[in-house]
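Descriptive analysis of the structure
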Amino acid sequence: MTEPRYPNEPTEYRSARDALLAEEKALVAKVKAVAAQRRRLPRGGRLKQDYAFTWATDARLGQRVKFSELFGDKHTLLLYSFMYGPHWDNPCPSCTSLVDGFDRTAYQVTRDAAFAAVAKAPAEMINAWARKRGWSQVDLLSGSECTYQHDYKCQGDSDDMQYPVMHVFRKHDDGIFHFWGTELEANHVDTVWTYWNLMDFTPEGRPDRPTPPQVFRSKFLEEHYLD
């Protein structure tokens, strides 16, 4: 057992904390091992088509952009599909929580990979929501006029039945190929979700609530998903 690390620390605490530290180190090692296994995946399927999205960001609002153009000068594209359909009153609170964080780290991610978020709602709706949230850094797209969400399992039977999915695509000399996508049914991108992971550090743990707390509600989500 190591010596006490902090003021007035009981021996019982330090013993338990050392045991927990060993588990935390093992978890970090496991996360790195899974990431390495992910990087070793063989090439996935060729992109079904060069989808045409609509920009939902202020500077390019309403302009068309092809999937292949999203890469810019990068070889990898992270594309997060969030839940906001054409007839929703507000987007999913959980997806909003994630994009809040993505927006603030986009400038770092895009040094090494292209990064964008897409929803099925029209570009004007997405843009209006981005203004409310203060999203200004992550590229925002509407897939309202293409079949990307349908083809890559980001929606159900209709354009309003959306699923949250992170996909990664890789550009090769002979085309664009799917590299990886989230396939967990819940907490699909848990490792990068700031709210839940910070709450894991607290004595109370993760609150017993279906979504992170927000100052808004999504009636569509509550009526069609949570009920």
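What this report covers is the structure whose coordinates are included nearby. (Residues numbered from 1 in each chain as written. Predicted model: local features only at pLDDT ≥ 70, side-chain atom pairs only at ≥ 80, totals over all residues. Heavy atoms only, no water.)

1. Some words on the sheet that holds strand β6 (residues 165–172)
Rule in force here: Pairs of strands are assigned from DSSP output, requiring at least two bridges between the strands. Strands are runs of DSSP state E lasting at least two residues, helices are runs of H or I lasting at least four, and both sets are numbered from the N terminus onward. Here an angle of 0 to 180 degrees is reported between the N-to-C directions of two axes, which are lines fitted to C-alpha atoms, with helices fitted over the stretch in contact. Working rule for contacts: check all heavy atoms of both residues, and any pair within 4.5 Å makes them a contact.
Here we have seven strands laid out as an open sheet, ordered β2-β1-β5-β4-β3-β6-β7, and mixed in their pairing. Each edge of the sheet is formed by a strand with only one pairing partner; in this case those strands are β2 (64–66) and β7 (175–181). Each adjacent strand pair in this sheet contributes to an overall mean axis angle of 35°, direction not counted. Pairing between strand β3 (residues 76–81) and strand β4 (residues 114–119): five bridges, direction parallel. Looking at β4, one finds that Leu78 is bridged to Phe115. Packed onto the sheet, helix α2 (residues 93–109) meets β3, β4 and β6 and runs at close to 160° relative to β3.

2. Considering the pattern of salt bridges
Applied cut-off: Salt bridges are defined as contacts in which a side-chain nitrogen from Lys or Arg sits within 4 Å of a carboxyl oxygen from Asp or Glu. A 1.4 Å probe rolled over the protein chains alone gives each residue an accessible area, and that area as a share of the maximum for its type sets the label: buried under 20%, exposed over 50%, partly exposed in between.
Evaluation of the coordinates by the stated rule reveals 14 salt bridges. One salt bridge in this structure joins Lys48 and Asp151, with 3.5 Å as the shortest N-O distance. Here the residue Lys48 occupies a position in the loop between α1 (11–39) and β1 (52–55), and Asp151 occupies one in helix α4 (residues 148–151), the gap between them amounting to 103 residues. Classification of Asp151 as buried rests on a relative accessible area of 17%.

3. Looking at the pairing of strand β5 (residues 139–142)
Defined as follows: With its strands directed away from the observer, a crossover is right-handed exactly when the path from the first strand over the helix to the second travels clockwise.
Summarising the sheet, β1 and β5 pair through two bridges and their orientation is antiparallel. Counterpart to Thr54 in the pairing with β5 is Ser142. Examined bridge by bridge, β4 and β5 share four bridges and lie parallel to one another. The residue of β5 that forms the bridge with Ala119 is Ser142. Assessed by its sense of winding, the connection that carries the chain from β4 through helix α3 (residues 123–133) to β5 is right-handed.

4. Re the packing of aromatic side chains
Our working definition: Within 6.5 Å between ring centres, the rings of Phe, Tyr and Trp (the latter by its six-membered ring) count as paired, and their orientation is classed by plane angle as stacked under 30 degrees, edge-to-face over 60, tilted in between. The criterion is that NZ of a Lys, or CZ of an Arg, lies within 6 Å of the ring centre and within 35 degrees of the ring normal, and then a charge sits over that ring.
If you walk through the whole model with that rule in mind, you get 19 aromatic pairs. Judged by centre distance (6.1 Å) and plane angle (40°), the rings of Phe53 and Phe67 are tilted. Placement of Phe53 in strand β1 and of Phe67 in the loop between β2 and β3 is noted, with a sequence separation of 14 residues between them. With respect to class, Phe53 is no different from Phe67; both count as buried. Here the aromatic rings of Tyr152 and Phe169 are separated by 5.4 Å at their centres, their planes lie at 80°, and the arrangement is edge-to-face. Highlighted residues: Tyr152 in the loop between α4 and β6 and Phe169 in strand β6, separated in sequence by 17 residues. As far as burial versus exposure is concerned, Tyr152 and Phe169 are alike and both buried. Taken together through their ring pairs, the aromatic side chains of Tyr51, Phe53, Phe67, Phe71, Tyr148, Tyr152 and Phe169 make up a single cluster. We note Arg60 situated over the ring of Trp55; from NZ or CZ to the ring centre the distance is 3.7 Å.

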